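For reference, the chains in residue letters:
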Amino acid sequence: MFLFLTWIFTIFMILVWWFFIIAKINFYKFRDYSAYIVPSTKILTVILIILTFFWYYEVYRYSQTNEKTKTVQESAVNEVY
């Protein structure tokens, strides 16, 4: 499950970062018009890096907390009335 979730998240993050890099290239064409373009893209880059690592950690934590499902025999034997 961990590998599956990691690959799904990696593909999603590749799309997000690809979109961000294309947008950054286009924003930098107009950096002479505003002084806020360069600092805002740097802040957005840091936020994306932090969120990427945070969500990789969340995927790891989610995949480690899955409990094993019990079989019918195990649940019938372990029940106490």
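Our subject is the structure listed above.
What you see is a predicted model, and the numbers here were worked out from it, not measured in a lab. (Residues numbered from 1 in each chain as written. Predicted model: local features only at pLDDT ≥ 70, side-chain atom pairs only at ≥ 80, totals over all residues. Heavy atoms only, no water.)

A few words now on the overall build of the protein. Broken down by element type, the protein carries three helices and zero strands. Across the 81 residues that make up the protein, the buried fraction comes to 17%. In the protein, once contacts between residues fewer than 6 apart in sequence are set aside, the share between residues at least 24 apart is 67%. Within the structure as shown, the protein displays about 7400 Å² of accessible surface, and the carbon and sulfur contribution to it stands at 72%. (Helix = DSSP H or I, 4+ residues; strand = E, 2+ residues; numbered from the N terminus. Buried < 20%, exposed > 50% of the residue type's maximum accessible area, 1.4 Å probe, protein only. Contact = heavy atoms within 4.5 Å. Areas by Shrake-Rupley, 256 points an atom, 1.4 Å probe, with all protein chains shown as cover.)

Attention now moves to the environment of S63. The residue S63 is located in helix 2 (residues 37-64) in this model. You can call S63 buried: its relative accessible area is 13%. Of note is the side chain of S63, whose polar atom sits 2.9 Å from the backbone oxygen of Y60. (Polar contact = N/O pair within 3.5 Å; in protein donor to acceptor, adjacent residues only side chain to side chain.)

Let's shift gears to the pattern of salt bridges. Counted according to the given criterion, the structure contains one salt bridge. A salt bridge links E58 to R61; the shortest N-O distance between them is 3.5 Å. Placement of the pair is E58 and R61 together in helix 2, with a separation of three residues, close to one helical turn. With relative accessibility at 17%, the residue E58 sits in the buried group. Residue R61 is classed as partly exposed on the basis of its relative accessible area of 43%. (Salt bridge = Lys/Arg side-chain N within 4 Å of Asp/Glu carboxyl O.)

Next up on the list: the packing of aromatic side chains. In the structure shown here, the tally under the stated rule is four aromatic pairs. Taking the centre distance of 4.7 Å and the plane angle of 90° together, the rings of F9 and Y56 count as edge-to-face. Taken together, the positions of F9 in helix 1 (residues 2-28) and Y56 in helix 2 put the pair 47 residues apart, joining distant regions of the chain. (Phe/Tyr/Trp six-rings, centres within 6.5 Å; stacked < 30°, edge-to-face > 60°.)

This part takes up the environment of I21. Assignment of secondary structure puts I21 in helix 1. Judged by relative accessible area, I21 falls into the partly exposed class, the value being 46%. Between the C-alpha atoms of I21 and T45, which are 24 residues apart in sequence, the distance is 9.5 Å.

With that out of the way, let us pick up helix 1. If you check helix 1, its first and last C-alpha atoms are 38 Å apart, about what 27 residues at 1.5 Å a residue would give, namely 39 Å. All buried positions along helix 1 are accounted for by T6, F9, T10, M13, F20 and A23. Each element contacted by the buried residues of helix 1 is listed here: helix 2. (Expected span 1.5 Å × (residues − 1).)

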